[in-house]
Amino acid sequence: MSDPSTNPIYRRLHRIPHILLVLSGKGGVGKSSVSVQLALSLHALPSRPRIALLDIDLTGPSIPRMLHLPPGTGVHQSSEGWVPAYADGEEKRMACMSTGLLLKRREESVVWRGPKKNAMIRQFLSEVRWGDVDWLVIDTPPGTSDEHLSLLEHLSPVAPSLSSVLVTTPQALSLVDCLKSLSFTRLVSLPLLGIIENLSGYVCPCCGEVSNVFSTGGGEDMARREGVRFLGRLPVDTKLVELLDGQVPEDTPREGWALLEAYKRTTTHALFQGIVQKVVEGAEALQRGEAAPGFREEDGRQLAEAVAALAANAQHEEEA
Ligand SMILES: Nc1ncnc2c1ncn2[C@@H]1O[C@H](COP(=O)(O)OP(=O)(O)OP(=O)(O)O)[C@@H](O)[C@H]1O
């Protein structure tokens, strides 16, 4: 086996204790907003961890908009690699990198084929100067695409730090795709910390009360059936949308990071506390060598070996 210290991705990432992939079977279920909320909620922990948020949704990057970072903000080249943008000002505990930050205008489209996407993912993993971060949260594209395979191939030298969470909505169509993503995590031996059910119920914009006007519970049922941990349910919250669309309410206290302060005042933030606690517990248990609940490798292979087998199979099918 080759010496991992010669691998630029290993050298850049091997000191990060927790690398968390946010997955969803389907587009539009709220994966990016969950990634941002995970990053914000981790940032707000009393232990004051340092967070890096990497947007691998290369052609549909929404993280910069949600973090209120306009194109071109902060990202620049230095002799030691790309310096990421910081969303929390001088505190510099929330670093972000995304193709959205490299564009000149937000409306600019990114039309790339597989090899260019693969090269960009590699660059993001090997060339960004994250510094000593405690959590690297990676927002991935929906489904189980070429990008996922590239990402896991590149990340296999740091496999012991990897885990994932899966976002779904309660509707049957989303749940079917969620099950496909769940089986993907097993196929590649990627530990899954659990399932989050988003857009489940509704927060009254006037009183903040949560009601179940739509179907709920599908994600929880699936988690139970599959023996996977259910991390929690997040309702439709109009205040959250306004915030992630770039509007910090007028009455937000001005000390501290305005986005985080405004987020802490949403109903969803209160509900997210339980989720982030379970994520931290799950990731720390993994670090101690315990298996994630319901985690089973499809055929007993370790991540690197399983990803290599899947990539070889994909190549074989392309050539056939
Ligand atoms: N709990 C929620 N309450 C209200 N709106 C939400 C919630 N979660 C997500 N949204 C909104 O739904 C839209 C889609 O969310 P988001 O971009 O996070 O989905 P996604 O799964 O990442 O989509 P894509 O597949 O396009 O990357 C956004 O406008 C977001 O603000």
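Residues numbered from 1 in each chain as written. Predicted model: local features only at pLDDT ≥ 70, side-chain atom pairs only at ≥ 80, totals over all residues.

- The chain is annotated in an unreviewed UniProt entry as p-loop containing nucleoside triphosphate hydrolase protein of Calocera viscosa.
- Within the UniProt record for the chain, the comment given under Subcellular location (unreviewed entry) is "Cytoplasm".
- Listed in UniProt under the heading Sequence similarities (unreviewed entry), the comment for the chain reads: "Belongs to the Mrp/NBP35 ATP-binding proteins family. NUBP2/CFD1 subfamily." (UniProt positions renumbered as here; feature names shortened; annotations may be inferred.)

1. A closer look at the confidence of the model for the chain
So, point 1. Averaged over all residues, the pLDDT of the chain is 87; the fraction at 70 or higher stands at 91%.
So, point 2. Confidence metrics for the complex model read pTM 0.92 and ipTM 0.97. (pLDDT = per-residue confidence, 0-100.)

2. Regarding the nonpolar core
So, point 1. In this structure, Val22, Cys96, Leu136 and Val137 are the most contacted members of the largest nonpolar core, which totals 80 residues.
So, point 2. Among residues more than four places away in sequence, those in contact with Leu136 are Leu13, Ile16, Ile19, Ala52, Leu54 and Trp130. (Core = buried A, V, L, I, M, F, W, Y, C linked by C-beta atoms within 7 Å. Buried ≥ 20, exposed ≤ 12 C-beta atoms within 10 Å, placed from the backbone. Contact = placed C-beta atoms within 7 Å.)

3. A closer look at the UniProt feature "binding site: ATP" (unreviewed entry) in the chain
So, point 1. In the numbering used here, UniProt assigns the feature "binding site: ATP" (unreviewed entry) to Gly25, Lys26, Gly27, Gly28, Val29, Gly30, Lys31 and Ser32.
So, point 2. Ignoring any residue separated from it by four or fewer positions in sequence, one finds Lys26 in contact with Pro142, Ser174 and Asp177.
So, point 3. Following the sequence through the fold, Val29 ends up in the loop between β1 (18-24) and α2 (31-43).
So, point 4. With near-sequence residues (within four places) excluded, Val29 lies in contact with Ser24, Val167, Thr168, Thr169, Ser174, Asn198 and Leu199. (Helix = DSSP H or I, 4+ residues; strand = E, 2+ residues; numbered from the N terminus.)

4. Structural notes on the UniProt feature "binding site: [4Fe-4S] cluster" (unreviewed entry) in the chain
So, point 1. UniProt feature "binding site: [4Fe-4S] cluster" (unreviewed entry): in the numbering of this structure it lies at Cys204 and Cys207.
So, point 2. Here Cys204 is to be found in the loop between β9 (192-203) and β10 (210-211).
So, point 3. Along the polypeptide, Cys207 turns up in the loop between β9 and β10.

5. Concerning the environment of Val307
So, point 1. Residue position: Val307 is located in helix α11 (residues 303-319).
So, point 2. In this structure, the C-alpha to C-alpha distance between Val307 and Lys264, residues 43 residues apart in sequence, is 39 Å.
So, point 3. Setting aside chain neighbours within four positions, we find Val307 in contact with Leu152, Glu153, Ser156 and Val188.

6. Considerations on the pairing of strand β2 (residues 51-55)
So, point 1. With five of its five residues buried, β2 lies for the most part within the structure.
So, point 2. Going residue by residue along β2, you find Ile51, Leu53 and Asp55 tucked away on one face and Ala52 and Leu54 tucked away on the opposite face as well.
So, point 3. Pairing geometry for β2 and strand β6 (residues 94-98), over five bridges, is parallel. Looking at the pairing, Asp55 lines up with Ser98 of β6.
So, point 4. Here five bridges tie β2 to strand β7 (residues 135-139), and the two strands are oriented parallel to one another. (Pairing = 2+ DSSP bridges.)

7. Some details on α11
So, point 1. A rise of 1.5 Å per residue sets the reference length of α11, with its 17 residues, at 24 Å; its end C-alpha atoms lie 24 Å apart and thus fit the reference within 8%.
So, point 2. Among all positions of α11, only Ala306, Val307 and Leu310 are buried. Looking straight down α11, one finds that the buried residues subtend no more than 95° of arc, so they occupy a single side. Exposed side chains of α11 directed beyond 90 degrees from the buried face belong to Ala312, Gln315, His316 and Glu319.
So, point 3. Next to the buried residues of α11 lie α5 (146-155) and α6 (172-187). (Expected span 1.5 Å × (residues − 1). Arc of directions from axis to C-beta.)

8. Concerning the packing of helix α4 (residues 114-127) against α5
So, point 1. Two elements in contact, α4 and α5, have axes separated by 10 Å at closest approach and are oriented at 35°. For α4 against α5, the interelement crossing comes out right-handed. Within the contact between the two elements, α4 uses Gly114, Lys117, Asn118, Ile121, Arg122 and Leu125 and α5 uses Asp146, Glu147, Ser150, Leu151, His154 and Leu155.
So, point 2. Classifying every residue of the contact of α4 with α5 by side-chain character gives four nonpolar, four polar and four charged. (Axes fitted to C-alpha atoms, helices over the stretch in contact; angles between N-to-C directions. Left-handed = near helix turned anticlockwise from the far one by under 90°. Nonpolar A, V, L, I, M, F, W, Y, C, P; charged D, E, K, R; others polar.)

9. Describing unusual backbone geometry
So, point 1. Phi is positive for Arg48, close to 50°, though the residue is something other than glycine.
So, point 2. In this fold, Arg48 is placed in the loop between α2 and β2.
So, point 3. Despite not being glycine, His68 shows a phi value in the positive range, around 65°.
So, point 4. You can see His68 is positioned in the loop between α3 (63-66) and β3 (76-78).

10. Side note on the packing of α5 against α11
So, point 1. Two elements in contact, α5 and α11, have axes whose closest approach is 10 Å; the angle formed by their N-to-C orientations is 140°. Here α5 is positioned oblique relative to α11, judged by the angle of their axes. When the axes of α5 and α11 are compared, the crossing they make is left-handed. Contact residues: α5 offers Leu149, Leu152 and Glu153, while α11 offers Val307, Leu310, Ala311 and Ala314.
So, point 2. Residue composition of the contact of α5 with α11, grouped by class: six nonpolar, no polar and one charged. (Parallel < 35°, antiparallel > 145°, perpendicular 65-115°, else oblique.)

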